[in-house]
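Here's the letter readout for the chains.
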Amino acid sequence: MSQQTPVIELKNVKKSFGPVEVLKDVNFVVRAGEVTALVGDNGAGKSTLIKGLAGIQPYDAGKIIIEGNEVVLESPRQSSELGIDVVYQDLALCDNLDIVHNLFLGREQSAIGVLDEGHMETKAADTLTSLSVKTVKSVRQKVAKLSGGQRQTVAIARAVLWNNKVVILDEPTAALGVAQTEQVLQLVRRLAAAGKAVIMISHNLQDVFAVADRIYVLYLGKMTAAVKTSETTQADVVSYITGSKTQENFGA
Amino acid sequence: MKIKKVSIPQEAGIFLVFFVMVLIFSVLSENFFTITNASVLLLNGAIIALIALGQTFVLLTGGIDLSTGANVAMCGIIATVLMRSGLPWWVAAIGAALCGSFLGVLNGLIIHYVGIPPFIVTFAAMGVASSIPMIITRAESIQITQEKFAWIGQGHVLGFPVPVILVIIAAIISSILLKNTVLGTHIYALGGNKLAARLSGINVMRTTVFVYAFSGFLAGVAGVIATSRLNVGYPQTGTGNQLFYSIAAAVVGGVSLFGGIGTIRGAIAGVLLISTISNGMNVVNVSSYWQPLVIGLIILGGVSIDSKRSSKRDGAKSKPRGKPQILSRTKK
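Please read all numbers here as calculations on a predicted model, not as lab measurements.

**Considerations on the overall build of chain B**
Summing up its helical and strand segments, chain B has 13 helices and four strands in all. Whereas a compact globule of 332 residues would reach a radius of gyration of roughly 20 Å, chain B reaches 20 Å, a difference of no more than 12%. Each principal axis of the C-alpha distribution contributes one length, and for chain B these read about 60 × 50 × 40 Å. Taken over 332 residues, chain B has a buried fraction of 53%. Taking as baseline every contact in chain B between residues at least 6 positions apart, the subset at least 24 positions apart corresponds to 80%. When the accessible area of chain B is evaluated, it comes to approximately 15,300 Å², of which 68% is carbon and sulfur surface. Of the side-chain charges in chain B, 23 are positive and 7 negative, and the distance between the mean point of each set is 15 Å.

What follows is the structure, encoded as structure tokens:
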């Protein structure tokens, strides 16, 4: 695993808002087939780190290396084209559109501007099936009619539909009940098993320990720990998050 | 594969009310259910229908276009002036409609780039566009120099009045645009969740400019038709109740002022209903002073149902869609 070129490698990434340094020389490595958890307290810089990868808020300095090539990410479109997609916490779905239109939003299949509904519908259904989603009755349902877990599933399926290399999940289980959380976590595992690099931002350490292969901890804009889940404990991670402890020899 | 559910019940309701109104007016006056009156109704309805179609596009994105009535007046005078300058009547007509869409483009660009609410931008545009024809004509009517221009408002093709045919064409094009094209999906998406639309890589600027340009274009066509029917360039054509009636028609037809919901079929049903009520009141000799009052109450009823519906929609979900920004805008 470690011999393989990482899908994403961030080197000394910086970002400031006016005088406030939100990211200070952050290094971050994401590998294919793994779930990489990104944890940290509120204001630690998790969202800023992700927004840079999504192309919404470019970094001020530092290198972004995607599969060995240095790239520039300055718009969401550039990120999508490189196979990076973000599933947002506030679920960027349109309630008034059906599942098919949401899955294809911004990337509709069409000929001279006319929608190819049949093709989109088939592909949408196939994608949901491939994710073993059975709870959605019809892909023509309006998203407004779906439950929280189903909405999260649609949001994740959106990222999968395009054969993305990287799927970034921002608090995927924050608004969900127990059973739905379990469903979504299983889905996250399946994404990694399918060879995708999954980045999961979460506050819920239980969820993190349930699915993540590696855990990165941000503390006040600095990466203070990068550990394998199998080699650490929840208590350790909590101390990294609160800043009472820093991983030995970290930052080399 | 399941067939997409169509929101039949709601639109069926409007058509039902429409037929009831037709029935009531027919009983009240024997002059109502006649071919002559039907053609008067349709011709008057044509202007409102065109503006309402454009307005539907704007409302679907969550905006509103208050400049359409004034745009009708402006484009009517522009057509007259272009003809006086020696251009053939049909060139003048197309030129006027393009001027209408130009005003829409300006609306859209300002709304997108300056970030002012659509209500304010189009409110200001209303002032500008209603002033221009007054300045050009010094508030006097101007003669139309080409007789053939009258064909647009008064001519017939295969027995159908030209304005009605233009409305049918506009309605078909609108319906296809909204239902079957990428652009249509993006228009709905913008009204449904603007942030999601932007994050999905939708070109928000292009979509916004398009809906206002489309609304302006149809207002321009309406101005040409209205002027052609009067056969004189009158600088206040369309600045009366047209804007008011067209928004009423769209809202009654189920187009949500909150954005993202509504169909062309619904808007057309709304136009039929509003035109019928307006025409029916004329036929049974209700004083014209009463008409805006009645239409006003109808708007209120339509919006009440709409906001009930959308609060029910929100109640079921965790995410509130925020305060309806537009409600305060409708009291024009």
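**Description of the interface of chain B and chain A**
Contacts between chain B and chain A engage 24 residues on the former and 31 residues on the latter. The junction of chain B with chain A conceals about 2,200 Å² of combined surface from both sides, 60% of it contributed by carbon and sulfur atoms. Here chain B is connected to chain A by zero salt bridges. The tally of links from chain B across to chain A stands at six residue pairs in polar contact (both at pLDDT 80 or more).

**Here's the deal with unusual backbone geometry**
Residues and elements named next belong to chain A. Positive phi, close to 50 degrees, is recorded for N12, a residue that is not glycine. Tracing the backbone through its elements, the reader meets N12 in strand 1 (residues 8-17). Even without being glycine, I112 reaches a positive phi, approximately 35 degrees. Structurally, I112 can be placed in the loop between strand 7 (110-111) and strand 8 (114-115). Of the residues examined, I112 reaches a relative accessible area of 87% and is grouped as exposed.

**Regarding the pairing of strand 9 (residues 166-170) of chain A**
Residues and elements named next belong to chain A. Burial analysis of strand 9 places five of its five residues in the buried class, which makes it a mostly covered element. Alternating positions in strand 9 separate into two faces, V166, I168 and D170 on one and V167 and L169 on the other, with burial throughout. The pairing of strand 6 (residues 84-87) with strand 9 spans four bridges and is classified as parallel. Note that in strand 9 the partner of V87 across the bridge is L169. One crossover worth recording links strand 9 to the parallel strand 10 (residues 197-201) by way of helix 6 (residues 178-193), and it is right-handed.

**Remarks on the packing of helix 11 (residues 242-252) of chain B against helix 12 (residues 264-283) of chain B**
Residues and elements named next belong to chain B. Axis separation between helix 11 and helix 12 bottoms out at 7 Å; the angle between their running directions is 125 degrees. On the basis of their axis angle, the class for helix 11 and helix 12 is oblique. The way helix 11 lies across helix 12 gives a crossing that is right-handed. Taking contact as the criterion, the partners of Y245, A248, A249 and V252 in helix 11 are, on helix 12, A267, G270, V271, L273, I274 and S278. The residue inventory of the contact of helix 11 with helix 12, partitioned by class, reads eight nonpolar, two polar and no charged.

**Comments concerning the environment of B:A46**
All names here are of chain B. Along the chain, A46 falls in helix 2 (residues 35-60). For A46, a relative accessible area of 1% corresponds to the buried category. With 252 residues separating them in the primary sequence, A46 and I298 have C-alpha atoms 20 Å apart. Once residues lying within four places of it in the same chain are set aside, the contact partners of A46 are P163 and V167.

**Things to note about the domain arrangement of chain A**
Residues and elements named next belong to chain A. Annotation of chain A at the domain level lists domain 1 (1-83 + 165-252) and domain 2 (94-163). The partner domain 2 presents 14 residues to the 15 residues of domain 1 that form the contact. When domain 1 packs against domain 2, close to 1,100 Å² is buried across both sides, 62% of that on carbon and sulfur atoms. Of all residues in domain 1, L187, R190 and K196 bury the most surface against domain 2, accounting for 35% of the area lost on that side.

Procedures and definitions
- Sequence order as written defines residue numbering, which begins from 1 separately in each chain.
- For this description, chains carry letters from A and ligands carry numbers from 1, given in the order in which they are written.
- Two thresholds apply to this predicted model, a pLDDT of at least 70 for residue-level local features and 80 or more for giving and counting side-chain atom pairs, whereas whole-chain, interface and lining totals are computed over all residues.
- Values reported for side chains reflect all heavy atoms of the structure, with hydrogen atoms and water molecules removed beforehand.
- Note on conventions: DSSP H or I runs of at least 4 residues are helices, E runs of at least 2 residues are strands, and numbering of each starts at the N terminus.
- Here the globule rule reads 2.2 Å times residues to the power 0.38, and the radius of gyration is calculated from C-alpha atoms.
- For each residue, the accessible area found with a 1.4 Å probe, counting protein chains only, is set against the maximum for its type, and the residue is called buried under 20%, exposed over 50%, and partly exposed in between.
- Two residues form a contact once any of their heavy atoms are found within 4.5 Å.
- Only the protein chains shown count as cover for residues, and all accessible areas are computed by the Shrake-Rupley method using a 1.4 Å probe.
- Residues scored as positive are Lys and Arg, those scored as negative are Asp and Glu, and His as well as the terminal groups of each chain are ignored.
- A charged residue contributes its charge at one atom only: NZ of Lys, CZ of Arg, CG of Asp or CD of Glu.
- The quantity reported as buried area is the accessible area (1.4 Å probe) lost by two parts once they are put together, taken as the sum for both.
- By definition here, a salt bridge exists when the distance from a side-chain nitrogen of Lys or Arg to a carboxyl oxygen of Asp or Glu is within 4 Å.
- Contacts described as polar in this section are N or O atom pairs within 3.5 Å, which, within protein, must combine one atom able to donate a hydrogen with one able to accept it, while residues neighboring in sequence count only if both atoms come from side chains.
- By this definition, two strands are paired if DSSP reports at least two bridges between them.
- Classification remark: right-handed applies to a crossover when, strands pointing away from the viewer, the course from the first strand over the helix to the second runs clockwise.
- Only the stretch in contact is used when fitting a helix axis, every axis being a line fitted to C-alpha atoms; angles between N-to-C directions are given from 0 to 180 degrees.
- Roughly parallel means an angle under 35 degrees; roughly antiparallel, over 145; roughly perpendicular, 65 to 115; everything else is oblique.
- Crossing handedness is defined as follows: a turn of the near helix away from the far one that is anticlockwise and smaller than a right angle gives a left-handed crossing, while the clockwise case is right-handed.
- Classification convention: Asp, Glu, Lys, Arg as charged; Ala, Val, Leu, Ile, Met, Phe, Trp, Tyr, Cys, Pro as nonpolar; all other residues, Gly among them, as polar.
- Segment limits for the domains were obtained from an automatic or database-derived domain assignment.

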